[in-house]
Structures are given as structure tokens and as C-alpha cells.
Amino acid sequence: MRGSRPLALALLALAVIFALATVFFFTQKTSFLASGKPELHWKHAIVFLVLTLLAVVAANFARPKPARA
Amino acid sequence: MLSAGLILFLAALQGVTELFPVSSLGHAVVVPPLIGLNFQESSPAFVPVLAVLHLGTAGALLFLYRRDWVRIVVGFFRAAVQGRIDGPDQRLAIMLIVGSVPAGIVGFLLQDPLKSLFADPRAASAFLIVNGGILFAAEMFRRRDERRRAVAGAPVLAHEEDDPAYERIEGLSLRTTVIVGFFQAGALLPGISRSGITMAAGLVAGLRHEEAARFSFLLATPIILAAGLFELPDLGSDAPTLLVAIAAAALAGLVAYASARFLLRYLRSGRLDPFAYYCAALGVAGLVFIR
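In this report, the structure presented in the accompanying data block is examined. Owing to the predicted nature of the structure, the values given are computational and were not obtained by experimental measurement.

Taken residue by residue, the interface counts 16 residues in chain A and 20 residues in chain B. Each partner contributes to the roughly 1500 Å² buried at the junction of chain A and chain B, and carbon and sulfur atoms together form 67% of this total. Counting across the interface, chain A meets chain B through zero salt bridges. Taken together, chain A and chain B are joined by four residue pairs in polar contact (both at pLDDT 80 or more). Among the residues forming the side of chain A that touches chain B, the class breakdown is nine nonpolar, three polar and four charged.

This is how it looks when you write it as C-alpha cells:
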């Protein structure tokens, strides 16, 4: 598979957004993307942490690589 | 509060039905009222108790495919670091990630509306009928494919295992895996079977029956495990005692292991349509008898 630098950068940007969401849900009491009263949503934080890691892995797949001998 | 006896009954029921393509959740919602058990699906402990049972089932699947899982985990880390896929283990690892993400995201975002459906046995009964239709349609597609191959002069072998026309999991494309993953998200509805819908999608994609089951079980494991772990803290004050929870998870796991072994053996020569008829019959019974 040929790599794509723009796609890799887009995935990295997505990873940064997911990372910010992770920090947000770990530290802020909120009802954003959740029902009920505002509280800490550690499950949301874990989901966004996993998505962050997956986006980084996907970016690594997408980046152009030197051809193998 | 759910009684210990009822929880153990649900454990056995869940163990049998989780891996058979008949929807364990649909059974947990439909069967107790159908056989007249004193049972509130809307009890706050219901979903967390099911989650504990899921941990037992996930444990059974991890044990059943323990060698596969070691290769898959190692393959994932190697592929993630290299940024490329080398070999079938790495390919399978990436396919399982790609196939799990859609159901994980949909399930996470829609968990509250979906939980309200758990309290409605009649809705689950209707979805069981839909599940029967999906299984039946998948078998119909497969039989049509076999007939076409026979007409085209290709040899029709007695066992798919020897037939090169049908794929192993590693032969699936990533695009097909994503589609199967989205289908898996449909199984968040009580009555739609996760294993059923992924087996059906695998069959339509050209997998052998036994491979479709293996794909389904491997794909289900991370989702079942995550669902179990995520719901565990919600057991709260309505929780069964720790001993009952452990016994129930162990019972669900043992029964699930036996069910998986049986199903894999059955699917070497058997088909999905008996399960389709069973789901349709249970769904109709639920609609008729549950008020």
C-alpha cells in the first residue's frame, strides 16, 4: 500500500482531538455526549484514549514509507 | 434485586445462547417472561448482571482461541510499530480492530436508548424474527452460490474444508471486514444475534461455515470483554453477592465453551437455517404470549 502524507497528518490531527477529549472527560464534570447530570465520565475518557491510540496507529499505517529492498 | 437462582438461570441461558446465532440478549429479555419467571428486565441490576455473565463468555472465548489470541496480540503490536502488515497474523489482528471499532462506537454512543429496549420483551421478540430472517437469507445466498458453481461445472465437494472456492478468514478484504463490523453494530439490539449477524455476513462474503463461526467468535471477544468490564462498576447496590457473581460468570463461561465446541463441530457439515427457524418460532411465541 502506498502511503499518503495528507492522510497521515489528518489522522494525527484526529488523534490530537481524541487526546484532548480524553483529558476533558477525565478532568471535567460534564453531560456532553452523556445522559444525566454533569459528572466525571471515565468510561468516555477510556473510549477516547483507545480511539487516540488507534488514530496514531492508523497514521503510522498511512504515512509514506521507504520501499523495502 | 435479582435472586441468586434467577442469576444462575440467566448464566446458563446466556452461556448457551451467546455463541449460538440466536441472540443471548433476546433470550434474556424474552424467555423469563415467556416461562412465567418473576422478573423485571427494567431492574437496574439487569444489564450489569448480564455484563458479568459476558465476562464469563469472553473468558471462554479467550481460552478456546488462546493460541490465536497470542498470535493476534503479537501481530497487532508488530504491525502497529512497523506501520505495515506482514503476514496473516498481523492481517488478522488489524481486521479484528477494524471490524470491532464500528460496533464499539455505535454501542457506546447509543447505550442509553438501547438499554431502554432491554425492558421491552415484545420488541426483542420482533427482533428475534428479524434475526431468523437474516440467518435464513444468508443460507439462501450460500445455497444459490453453490448451485451456480455446480451449473458452471465446478466440483461440489462434500465438505467446505476441502473446497478452495470458500475462503479462510485471512482471505477477507479489509473493506469486507468494515462492513461486517457495521453489521455487528446491529447486534446491539436485543433479539439480533452478534454471532448470527457476523456469521451471516461471513457466509455472504464467501467464508466456509466453520470459518465464519471462527471469525464471529474472534470478532465478538473484544466487544464482549469491553462490555463486561465497562458495566461491572454499575453493579452497585443491586448487585448479587460476589460469590453469586463469580459462580454465574463461571457457569456462563463453562456453558459457552461447550456451546462453542459443539457449534464449531456442527458447522463442519451443518447449516444456519435450523437456528433461523428457532428464532422465528421464539419471536412469534414472544409476540403472542407476552402481554
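Further notes follow.
Two aromatic rings are characterised by how far apart their centres lie and by the angle between their planes. Under the criterion given, the structure shown has twelve aromatic pairs over all chains. An angle of 15° between the planes, with centres 6.2 Å apart, marks the rings of phenylalanine 262 of chain B and tyrosine 266 of chain B as stacked. Taken together, the positions of phenylalanine 262 of chain B and tyrosine 266 of chain B, both in helix α11 (residues 242-266) and four residues apart, correspond to about one turn of that helix. Between tyrosine 266 of chain B and phenylalanine 275 of chain B the ring centres are 5.8 Å apart and the planes differ by 85°, which places this aromatic pair in the edge-to-face class. Judged by its relative accessible area of 23%, tyrosine 266 of chain B is partly exposed. Of the aromatic side chains, those joined through ring pairs into one cluster are Phe18, Phe24, Phe25 and Phe48 of chain A. The positively charged end of arginine 66 of chain B is found above the aromatic ring belonging to phenylalanine 63 of chain B, 4.2 Å away from the centroid.

What counts and how
Residues numbered from 1 in each chain as written. Chains lettered and ligands numbered in written order. Predicted model: local features only at pLDDT ≥ 70, side-chain atom pairs only at ≥ 80, totals over all residues. Heavy atoms only, no water. Contact = heavy atoms within 4.5 Å. Buried area = accessible area lost by both parts, 1.4 Å probe. Salt bridge = Lys/Arg side-chain N within 4 Å of Asp/Glu carboxyl O. Polar contact = N/O pair within 3.5 Å; in protein donor to acceptor, adjacent residues only side chain to side chain. Nonpolar A, V, L, I, M, F, W, Y, C, P; charged D, E, K, R; others polar. Phe/Tyr/Trp six-rings, centres within 6.5 Å; stacked < 30°, edge-to-face > 60°. Helix = DSSP H or I, 4+ residues; strand = E, 2+ residues; numbered from the N terminus. Buried < 20%, exposed > 50% of the residue type's maximum accessible area, 1.4 Å probe, protein only. Lys NZ or Arg CZ within 6 Å of the ring centre and 35° of its normal.

Bear in mind that shape data such as this cannot, by itself, settle questions of function.
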